[in-house]
Amino acid sequence: MTFRKYLILAAVAVFASCGDVCLARGMRDFGAVTAANWHQLFGIVLNPWVLTGIGLLLLFFGSYLTALSWADLTFVLPATALSYVLMALLAGLLLHENVTFSRWLGIALVTVGVGSVASGPAVTPTTLPKWEPRDPETRISKSAGSDA
Amino acid sequence: MTGTAIWAGVAAIVITATTGDVLQARAMKEIGDLGAIRKSQGILEIARRVLINPWFLSGLFFMALAFFSLLVTLSWEDVSIVGPASASLTFIANALAARLFLKERVDHRRWLAALFVAGGVVLLAH
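Residues numbered from 1 in each chain as written. Chains lettered and ligands numbered in written order. Predicted model: local features only at pLDDT ≥ 70, side-chain atom pairs only at ≥ 80, totals over all residues.

Student: If you had to explain the overall build of chain A to someone new, which residues and values would you point to?
Tutor: When its secondary structure is counted, chain A shows six helices and zero strands. Per-residue burial for chain A yields a buried fraction of 35% across its 148 residues. Within chain A, residue pairs in contact and separated by at least 24 positions form 81% of the contacts whose partners lie at least 6 positions apart. (Helix = DSSP H or I, 4+ residues; strand = E, 2+ residues; numbered from the N terminus. Buried ≥ 20, exposed ≤ 12 C-beta atoms within 10 Å, placed from the backbone. Contact = placed C-beta atoms within 7 Å.)

Student: Please give an account of the interface of chain B and chain A that cites residues and values.
Tutor: Listed as interface residues are 38 residues of chain B and, on the opposing side, 33 residues of chain A. Looking at the side of chain B that touches chain A, the elements that each hand over two or more residues are helix H1 (3–31), helix H3 (43–51), helix H5 (79–101) and helix H6 (108–124) of chain B. The element best represented in the side of chain B that touches chain A is H6(B), accounting for 12 residues. Of the residues belonging to the side of chain B that touches chain A, the class tally is 20 nonpolar, seven polar and 11 charged. (Nonpolar A, V, L, I, M, F, W, Y, C, P; charged D, E, K, R; others polar.)

Student: Please set out helix H4 (residues 54–74) of chain B residue by residue, giving values where relevant.
Tutor: All names here are of chain B. An ideal rise of 1.5 Å per residue puts 30 Å on 21 residues; H4 measures up with 30 Å between its terminal C-alpha atoms. Of all the residues in H4, the buried ones are Phe56, Gly59, Ala66, Ser69, Leu70 and Thr73. An end-on view of H4 places all buried positions within 135° of arc, on one side of the element. Of the residues in H4, the exposed ones pointing more than 90 degrees away from the buried face are Pro54, Ala64 and Leu71. Where the residues of H4 are buried, they touch H1, H3 and H5. (Expected span 1.5 Å × (residues − 1). Arc of directions from axis to C-beta.)

Pasting the structure below:
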């Protein structure tokens, strides 16, 4: 694990939580979704908070896929679970939601979980084959070779 | 909505979300280190390899199914129940599925991490 890889894991957690908080803030402008107003949901994508949220979640997806390209799923998921902690703290700060005692306890549990996995190996040896995109030329020559 | 229907909804979310995660992890494992590909062949090659990977595309499909099941289940029950129940169960299901289908070595440390995070997520939602 290099410093750059830890940065990418941090980016996964930060982009995920900030993106979700932005979406939640944007949906407050909309109000509750009901059977009467659901079709107006399409207009909400123009809300600046929702737009920012979608942008941040795209960045999250990019960094998440990058992390999965060099680390195990069972490493990436717990290691980036700090996003739940960040989300609770951001929701308390920006959306003025109440951070209760049980939430603090949850923050402690998640942190212990993250700490225990992040100190271990990021990837275990795998028996899965390496996947290479097939380009048309090699496919033709391969099939021609097998015919002969 | 009955309790059975709500739990069936949560089960649908957990199963589709886990399937999506495992397929996507498998895609990225096969494609290999994106940092190395970017250095040697550039960022467009990354986009090409990811977007034509069948595992990645089927992963996206299951993620969309998971999102749809979440929306439907949220219309039956509060987000404070559905959210943490599905998120924490997905953590545990992912540990099982990664062991079975991705052949990852899920040791004590990783099981503990999954359980702690799953428990923490439930508490965070209160």
